[in-house]
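# Summary of structural features
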Amino acid sequence: MATNGTTRTVTIRLQRFNPDVDKKPVMKEYTLEITSDTTILDALEQIKATQDGSLTFRRSCRHAICGSCAMNVNGRNTLVCNQRVNAHLDRKGAVTVRPLPYLPIIKDMVVDRTSFWEQYQRVKPWLVPPDDVPEKEFRMTPEEVAALNDAEKCIMCGACYSACTVTAVNKRYIGPHALLKASLRVLDPRDTITNERLIEISGNDGVFRCHTIFNCIDACPKKLNPTQAIETLRKLAQKREAFVAARKERQKSL
Amino acid sequence: MSQTNTITHDIIVVGAGLAGSWAALAASKAGVKDIGVLSKLHPLRSHSGAAQGGIAAALNNVRPVPGSGSSGPLEAIPPGEAPIDSWELHMFDTIKGSDWLGDQDAIEIMVKEAPDLIYEYEHMGCVFSRLEDGRIAQRRFGGHSTPRANYSADYTGHVLLHTIYEQALRYGVKYYPEWYCLDLIIEDNVCRGVVAMDILTGKLYTMRAKAVMFGTGGYGRAWKITSNATANTGDGVAIAYNAGVPLMDMEFVQFHPTGLYGKGILMSEACRGEGGYLRNSDGDRFMEKYAAGLMELAPRDLVSRSEQLEINEGRGVGPDKGGVYLDLRHLGPEKIMSRLPQVRELAHEFLGVDIIHDMVPIQPTAHYSMGGIPANVDGQVIADAEGTPVVGFYAAGECACISVHGANRLGTNSLLDASLFGRRAGKAMAAFIQNGAKLYPISGDPAQRQEERIQRLMDAPASSKESVAQIGAELKETMTNDCGVFRDGERMARALRKIKELQARFPNARVMDKSRRFNTDVLGAIETEHLLTFAEVVVASALNRTESRGAHWRTDFGRRDDTNWLKHTLVFKNGEEGPRLGYKSVNIDWEKYPPQERKY
């Protein structure tokens, strides 16, 4: 329920690093008063406003839809805007926040997502519709839409990408976020480059690199399942020609 | 010293939400390929993506089951049966929602082109929720007389934003993610470019262009309780105002009826569109008293005022009795999980309430800026009440005032407005370029002026007790208390004095981060300066308008006054003397849509 007004004092342990002046990241502790409603993002904002204005992090929407504020809390990747501090305190009343691991640090919690976005663009995240479009909408069944719902909800926060043990050592791997996006387009009956997509995602850097250890599922703040999308793509890649033929057939009545 | 770098494009768009990316895509499709889009966030973080409930268009896919009344179940309109909706109905609903302050020529264009826009979205891959026969599903929304909200569950904005950004990438649009626009360069009424900072390095650039468009979003962060993202600091309106462009109808700020209690985070209007109730502390559906016809689906201004009256009269809920309940329990788990999955998560994450089993406390929350940079139906910004164009400067989306929403916006009309006028502005800019627009020279070194502005912020003495965060907090408190759902002359005069005081204190505020790299401390200070700039315009406009219309409601002038106030406010920056207020006539078709009493 909403704030009942009682406060408690907690310790927020933050990894700080500005590559222009620091040799390596250091942990710093901040003490502050929180209520039962205070989110980790609220706590970071409070520290920035009242203790150290140089604390640097990304954020925007405050409600888990923009994907800006993915960080690592007590060793686990998550968004911080929808996580209450109380839920993450250890026995000493402390919580530890670090930037997303395995990505270059720009400053404090801000990481360089260049490789993440490169892989996103690599899978051509856009739909390539047929040249001839109907006067009104394409007719998609509710079931066809339901198959896309998971992938469509992805907010591109990077929590899965940074938790993946394959991307950690191989930045050429397309990664769970981009494969989830690829599945969105592959499964969309309106898309026309299915063949090209399946070839790309089943290449050297694609779905067969996945070790199926489910870190991405565990990290996803939207409770999505990139591993399952990868599994689906594997199956479709193995029967690519039949799937592409079926797609062409489907588009006749779309 | 002119040490800053210069970048040149045919078109520069500031803001990468629906308006900005649509403009870039439309211009690119029309043949102009040299386009740069700046965003202070990554484009996919834009606040368009937070929109939940739907996008309006009279597609005629759905109707109420005949004989079931205005809140009965919906069904697909069988093939061949008569349509129930039309652009004319959508138009009338929008005009009535605007309390007759919307410009009717602009509204007509918006509602007529709406279906085509939805189909274009659909053809580009947008995943809409569907009917059994494969057509796009539609739901009810406040103030709309038919079910015409086209949606993707309750994350419609997210789906539209991803669709349009990806298509813009497909068409080769160049984005500058995490670049912050600091200044707009206008000389002799001709726009010549912008000054921007690459946030990563802190380096400033003069960016020259033949056409510049602002799609910079709204200004809700000036209020303490708001649904807006931290990015919605009204940068575009403040920058344009400082560059000599007037601002229009800034007093009209929408308070959404269902912000999560104490947080302001949005619980979509789709909650009520799907049949949700509002209840006071006695458990009564109090909307019976205020809008017996439309009940909970009355327009937002009316519902927010009704809630505030219940709260003011002691029938509020929550720890300090400052909210009312949103009751969704009767919708059942299946409908909630399929149509409202996001709002269920939000209520659970932030307040620990499961809306399937419990009512959730909500309160009015600052949500949408009806006012903004005045522009015509092609997004062309105007310099005065006569409509003189600011050559080469365009605006669309929430930062613009076209004006289709007038004094109060209907839900689902904002995604439509941003997309549709973004698209129109993109086409207009392409035509402007293709008709031989020139790259005009820039006198002096505007980037150096911004460099000095940043240096001043960094140089404020470390001994100063004044903090940017404190000034921002006092402003937000003031705006929520004294320029909120209900207003009066005394409180607004007090607010204006307070804003002046905060403006005077601001130069002493210290920035603690002295580094160049990704300095969000400096950005926060500049954003706060922007809040102080436009908040003064909001309050001055509201104080002067001695009537109640739409979202601007005064307890000391409790009636709409068409004789004196059926006109747009137009505010010009007037040096040190503060805002100079002028007015502009409203475009009205007196035969078809003359002003009427607004009852629901």
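Residues numbered from 1 in each chain as written. Chains lettered and ligands numbered in written order. Predicted model: local features only at pLDDT ≥ 70, side-chain atom pairs only at ≥ 80, totals over all residues. Heavy atoms only, no water.

## Remarks on the overall build of chain B
Looking only at helices and strands, chain B has 16 helices and 22 strands in total. Relative to the compact-globule value of 25 Å for 600 residues, chain B shows a C-alpha radius of gyration of 23 Å, a close match. For chain B, the spread of C-alpha atoms along the three principal axes comes to 75 × 55 × 50 Å. Relative to its full complement of 600 residues, chain B shows a buried share of 68%. Long-range pairs, those at least 24 residues apart, make up 75% of the contacts in chain B between residues at least 6 apart in sequence. For chain B, the exposed area adds up to about 19100 Å²; of that, 49% sits on carbon and sulfur atoms. With 66 positive and 74 negative side-chain charges, chain B shows a spacing of 2 Å between the two charge centroids. (Helix = DSSP H or I, 4+ residues; strand = E, 2+ residues; numbered from the N terminus. Rg over C-alpha atoms; globule rule 2.2 N^0.38 Å. Buried < 20%, exposed > 50% of the residue type's maximum accessible area, 1.4 Å probe, protein only. Contact = heavy atoms within 4.5 Å. Areas by Shrake-Rupley, 256 points an atom, 1.4 Å probe, with all protein chains shown as cover. Lys, Arg positive; Asp, Glu negative; His and termini not counted. Charge placed at Lys NZ, Arg CZ, Asp CG, Glu CD.)

## Digging into the pattern of salt bridges
A side chain with one charge may pair with a side chain of the opposite charge, provided their charged atoms come close. Residues and elements named next belong to chain B. What the rule picks out here adds up to 69 salt bridges over all chains. Across the salt bridge formed by glutamate 113 and arginine 424, the nearest N and O atoms sit 2.6 Å from each other. Taken together, the positions of glutamate 113 in helix H3 (residues 104–123) and arginine 424 in helix H11 (residues 413–434) put the pair 311 residues apart, joining distant regions of the chain. Glutamate 113 sits in the partly exposed class, given a relative accessible area of 23%. Looking at arginine 424, the relative accessible area reads 17%, which means it is buried. Connected through salt bridges with shared partners, the residues Asp99, Glu251, Asp301, Arg305, Arg545, Glu547, Arg549, Arg560, Asp562 and Arg598 form a single ionic network. (Salt bridge = Lys/Arg side-chain N within 4 Å of Asp/Glu carboxyl O.)

## Some thoughts on the sheet that holds strand E12 (residues 247–248) of chain B
Residues and elements named next belong to chain B. Spatially, E12-E21-E22 is the arrangement adopted by the three strands of the open sheet, whose pairing is antiparallel. Every interior strand has two partners, whereas the edge strands, E12 and strand E22 (580–585), have only one. With two bridges joining them, E12 and strand E21 (residues 567–572) adopt antiparallel strand pairing. Looking across to E21, one finds that leucine 247 is bridged to valine 571. Seen against the sheet, helix H15 (residues 520–544) touches E12, E21 and E22 and runs at an angle of roughly 65° to E22. (Pairing = 2+ DSSP bridges. Axes fitted to C-alpha atoms, helices over the stretch in contact; angles between N-to-C directions.)

## Thoughts on the interface of chain A and chain B
Contacts between chain A and chain B engage 68 residues on the former and 64 residues on the latter. Contact between chain A and chain B buries roughly 5600 Å² in total, counting both sides, with carbon and sulfur atoms accounting for 52%. Ranking the residues of chain A by area buried against chain B places Arg62(A), His63(A) and Glu137(A) at the top, with a combined share of 13%. Linking chain A with chain B are seven salt bridges, by the criterion used here. (Buried area = accessible area lost by both parts, 1.4 Å probe.)

## Focus on the nonpolar core
If you look at the biggest cluster of nonpolar residues, it comprises 207 residues, and the most contacted ones within it are Tyr121(B), Met207(B), Phe214(B), Ile373(B), Phe393(B) and Met479(B). Among the elements that make up this core, the one with the highest residue count is H15(B) (twelve residues). Each of two domains, domain 1 (3–111) and domain 2 (114–251) of chain A, supplies a minimum of three residues to this core. Every residue in contact with Met479(B), bar those within four places of it in the chain, is listed here: Ala222(B), Trp223(B), Gly484(B), Ile499(B), Ala535(B), Val538(B) and Val539(B). Core analysis: the second largest hydrophobic core is formed by 33 residues, Phe141(B), Ile265(B), Ile311(B) and Ile362(B) among them. (Core = buried A, V, L, I, M, F, W, Y, C linked by side-chain atoms within 4.5 Å. Domains from an automatic or database assignment.)

## Things to note about the sheet that holds strand E5 (residues 94–98) of chain A
All names here are of chain A. Spatial ordering of the open sheet is given by E2-E1-E5-E3-E4, a layout of five strands whose pairing is mixed. Looking at strand neighbours, the two that pair on one side only are strand E2 (26–35) and strand E4 (76–79), the edges of this open sheet. On average, each strand axis in the sheet is inclined to that of its neighbour by 35°, with strand direction left out of account. Bridging between strand E1 (residues 7–16) and E5 involves four bridges; their strand directions are parallel. By the bridge assignment, threonine 11 is partnered in E5 with alanine 94. Relative to the sheet, helix H1 (residues 40–50) contacts E1, E2, strand E3 (70–73) and E5, its axis offset from that of E2 by approximately 105°.

## Describing the environment of Arg130(B)
Relative to the elements of secondary structure, Arg130(B) occurs in the loop between H3 and strand E6 (138–139). Separated by 42 residues in the primary sequence, Arg130(B) and Gly172(B) have C-alpha atoms spaced 31 Å apart. Those residues in contact with Arg130(B) that lie beyond four places of it in its chain are Glu137(A), Phe138(A), Arg139(A), Met140(A), Pro142(A), Val145(A), Arg190(A), Glu122(B), Arg135(B), Ile136(B) and Ala137(B). At 2.6 Å, the side chain of Arg130(B) forms a polar contact with the backbone oxygen of Phe138(A). Within the structure, Arg130(B) has its side chain in polar contact with the backbone oxygen of Gly134(B) (distance 3.1 Å). (Polar contact = N/O pair within 3.5 Å; in protein donor to acceptor, adjacent residues only side chain to side chain.)

## Quick look at the packing of helix H7 (residues 176–186) of chain A against helix H10 (residues 226–238) of chain A
All names here are of chain A. Packing of H7 against H10 leaves a shortest axis separation of 9 Å and a crossing angle of 55°. Accordingly, the angle class assigned to the pair H7 and H10 is oblique. At the point where H7 passes H10, the crossing takes the left-handed sense. Counting all contacts with H7, which are made through Pro176, Leu179, Leu180, Ala182, Ser183 and Val186, the residues of H10 involved are Pro226, Ala229, Ile230, Leu233 and Leu236. In terms of residue class, the contact of H7 with H10 is made up of ten nonpolar, one polar and no charged. (Parallel < 35°, antiparallel > 145°, perpendicular 65-115°, else oblique. Left-handed = near helix turned anticlockwise from the far one by under 90°. Nonpolar A, V, L, I, M, F, W, Y, C, P; charged D, E, K, R; others polar.)

## Remarks on the environment of Thr146(B)
All names here are of chain B. Residue placement: threonine 146 occurs in the loop between E6 and strand E7 (149–150). Among the residues examined, threonine 146 registers a relative accessible area of 8% and is labelled buried. Sequence separation of threonine 146 and isoleucine 84 is 62 residues, and the distance between their C-alpha atoms is 7.6 Å. Residue contacts for threonine 146: discarding those within four places in its chain leaves Ile84, Asp85 and Leu89. Side chain to side chain, threonine 146 and aspartate 85 meet in a polar contact 2.8 Å long.

## Describing the domain arrangement of chain A
Residue and element names in this part refer to chain A. Along its sequence, chain A is organised into domain 1 (3–111) and domain 2 (114–251). If you look at the interface, domain 1 gives twelve residues, while domain 2 gives 15 residues. Along the contact surface separating domain 1 from domain 2 lie one salt bridge. Applying the counting rule to domain 1 against domain 2 returns six residue pairs in polar contact (both at pLDDT 80 or more).

## Examining the packing of helix H13 (residues 468–482) of chain B against helix H14 (residues 489–505) of chain B
Residues and elements named next belong to chain B. Where H13 meets H14, the closest approach of the two axes is 10 Å, and the angle between their N-to-C directions is 170°. Taken together, the axis directions place H13 and H14 in an arrangement best described as roughly antiparallel. For the pair H13 and H14, the contacting residues are Gln470, Ile471, Glu474, Leu475, Thr478, Met479, Asn481 and Asp482 in the first and Arg491, Met492, Arg494, Ala495, Lys498, Ile499, Glu501, Leu502 and Arg505 in the second. Among the residues making up the contact of H13 with H14, the classes are represented as seven nonpolar, three polar and seven charged.

## Quick word on H10(A)
All names here are of chain A. Spanning 13 residues, H10 covers 18 Å between terminal C-alpha atoms, matching the ideal 18 Å at 1.5 Å per step. Inspection of H10 places Pro226, Thr227, Ala229, Ile230, Leu233, Arg234, Leu236 and Ala237 among the buried residues, and these make up the whole buried set. Summarising the contacts, the buried residues of H10 are in contact with H7, helix H8 (194–201), helix H9 (215–219) and helix H11 (240–251). (Expected span 1.5 Å × (residues − 1).)

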